[in-house]
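Chains, contacts and geometry: an overview
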Amino acid sequence: AIYFSYVSKYTAGEIAWHWHKEIEIITIYQGVLYVEIEDKKFTLSKGESLFINSEEMHFMRMDTKEECIIISFVFDKILVCGEKGSNIDQKYMVPLINCKELSALELAKDDSRKLIEAYSSYSDNSLGYEIIVRNVLSEILLNIIKENQELLEKSSSSNNVDRERMKYMLTFIHNNYSEDINLSQIAKEAFIGEREALRCFGRTVGTSPIEYLLKYRIYTAAEMLRNGGQLI
């Protein structure tokens, strides 16, 4: 999917913490965007782009009062490798996706230019735009692999413990935010104690589980009001 998004349309100009299996590459069309990906922080201006790896939790918000517009390319690795288990998948995509040191990476200016051109071919419905978009994304991923070859060879494929715990806890909060849930229940979802849950949230998103729950309730209520829904 390709999205042309006005960030101000999200409540408080924020895109809440989330993750997905797909790789995401964003480029800033207008304004300034602040992005957090676990312990990494980026402030991106017009013409700058960011690679976000598969399954990485990320948060975005407008960084100034000026409207921020982003173009997002969200795609499964099979768009590039053809099919799971192929030579391209095993040789290039699997090591890239498993390299947690490459959770996110700011791209070169030339990559941003190519992304804008790819978006233009898509929005104009140009003949062969699907191939143009795929080729640009493939080229960008290859550049990342070339520039980080040594890191990819040394990287362990083991999962980051904090990241996996956070996914369990955030999923529980998102599914049960309207219920009377507490810290103990949230921690239990990740099979850890309350203190470790507090430390895990602090290290990853910079807030406590209960503070995140309250903010998520406010965010969800605001979204319902914006969309004409009713609060119970």
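Up top is the structure.
What you are looking at is a predicted structure, and each value in this text was computed from that prediction instead of being measured. Every chain begins its residue count from 1, and numbering advances along the sequence as written. For this predicted model, a pLDDT threshold of at least 70 governs which residues receive local features, and a threshold of 80 or more governs which side-chain atom pairs are given and counted, while totals over whole chains, interfaces and linings are taken from all residues. The basis for the side-chain values is all heavy atoms of the structure; hydrogens and waters are excluded.

**Some thoughts on the pattern of salt bridges**
- Whenever Lys or Arg places a side-chain nitrogen within 4 Å of a carboxyl oxygen from Asp or Glu, that contact is recorded as a salt bridge. Tallying each qualifying case throughout the model produces 16 salt bridges.
- Across the pair glutamate 48 and lysine 109 runs a salt bridge, and its minimum N-O distance is 4.0 Å. Of this pair, glutamate 48 sits in the loop between β5 (40-45) and β6 (49-52) while lysine 109 sits in helix α3 (residues 109-123), placing them 61 residues apart in sequence. Numbered from the N terminus, helices here are DSSP runs of H or I no shorter than four residues, and strands are runs of E no shorter than two.

**Regarding the packing of helix α2 (residues 87-98) against helix α4 (residues 129-147)**
- Axis lines are fitted through C-alpha atoms, for helices just across the contact stretch, and the angle between N-to-C directions can take any value from 0 to 180 degrees. One way to put it is that α2 packs onto α4 with a least axis distance of 11 Å and a crossing angle of 75°. When the interaxial angle is binned, α2 and α4 end up roughly perpendicular. Residues Tyr92, Met93 and Leu96 of α2 lie in contact with α4, whose contacting residues are Leu141, Ile144 and Ile145.
- Amino acid classes used here: Ala, Val, Leu, Ile, Met, Phe, Trp, Tyr, Cys and Pro are nonpolar; Asp, Glu, Lys and Arg are charged; the rest, including Gly, are polar. Of the residues in the contact of α2 with α4, the class split is six nonpolar, no polar and no charged. Angles below 35 degrees are treated as roughly parallel, those above 145 as roughly antiparallel, those between 65 and 115 as roughly perpendicular, and all remaining angles as oblique. Only heavy atoms enter the contact rule, under which two residues are in contact if any of them lie within 4.5 Å.

**Describing the nonpolar core**
- By nonpolar core we mean a set of buried residues, namely Ala, Val, Leu, Ile, Met, Phe, Trp, Tyr and Cys, connected to one another through side-chain atoms within 4.5 Å. Working definition: with a 1.4 Å probe on protein chains only, accessible area under 20% of the residue-type maximum means buried, over 50% means exposed, and in between means partly exposed. Counting 25 residues, the largest nonpolar core has Ile25, Phe73 and Leu141 as its most contacted members.
- Breaking this core down by element, the ones donating at least two residues are β3 (23-30), β8 (69-75), α1 (78-81), α2, α3 and α4.
- The element that contributes the greatest number of residues to this core is α4, accounting for seven residues.
- Non-local contacts of phenylalanine 73, meaning those with residues more than four positions away in its chain, are made with Ala1, Ile2, Ile23, Glu24, Ile25, Leu115, Ala118, Tyr119, Val133 and Leu137.
- One finds Met57, Ile173, Cys200 and Tyr212 within the second-largest nonpolar core, a separate group that totals 22 residues.

**Side note on the sheet that holds β6**
- Read across the open sheet, the five strands follow the order β1-β8-β3-β6-β9; overall the sheet is antiparallel. At either margin of the open sheet sits one strand with a lone partner, and together these are β1 (2-6) and β9 (104-106). For this sheet, the mean angle separating the axes of adjacent strands, direction not counted, is 20°.
- By the convention used here, strands pair only if DSSP detects at least 2 bridges between them. As judged from the three bridges shared by β6 and β9, these two strands associate in the antiparallel manner. Across the sheet, the residue bridging to leucine 50 is glutamate 106, located in β9.

**As for the sheet that holds strand β7 (residues 58-62)**
- Strand order in the open sheet formed by four strands is β2-β7-β4-β5, and the pairing between neighbours is antiparallel. Where the open sheet ends on each side, the last strands, each with one partner, are β2 (14-18) and β5. The sheet shows a mean angle of 15° between the axes of neighbouring strands, taken without regard to direction.

**Describing the packing of aromatic side chains**
- Pairing of aromatic side chains here covers Phe, Tyr and the six-membered ring of Trp, requires ring centres within 6.5 Å, and sorts the geometry by plane angle: under 30 degrees stacked, over 60 edge-to-face, intermediate tilted. Tallied over the entire structure, the rule returns ten aromatic pairs.
- Considering the side-chain rings of phenylalanine 4 and tyrosine 119, the 5.5 Å spacing of their centres and the 20° angle between planes classify their relative orientation as stacked. Here the residue phenylalanine 4 occupies a position in strand β1, and tyrosine 119 occupies one in helix α3, the gap between them amounting to 115 residues.
- Take tyrosine 119: its relative accessible area is 14%, and that puts it in the buried class.

**Concerning the pairing of β8**
- Of all seven residues in β8, seven are buried, a share of seventy percent or more.
- Covered by surrounding structure in β8 are Ile69, Ile71, Phe73 and Phe75 together with Ile70, Ser72 and Val74, the residues of both alternating faces.
- Across five bridges, β1 lies against β8 in antiparallel orientation. Looking at β8, one finds that phenylalanine 4 is bridged to isoleucine 71.
- Direction of pairing for β3 relative to β8: antiparallel, over a ladder of seven bridges. Residue glutamate 24 lies in a different strand from β8, and its bridge partner there is valine 74.

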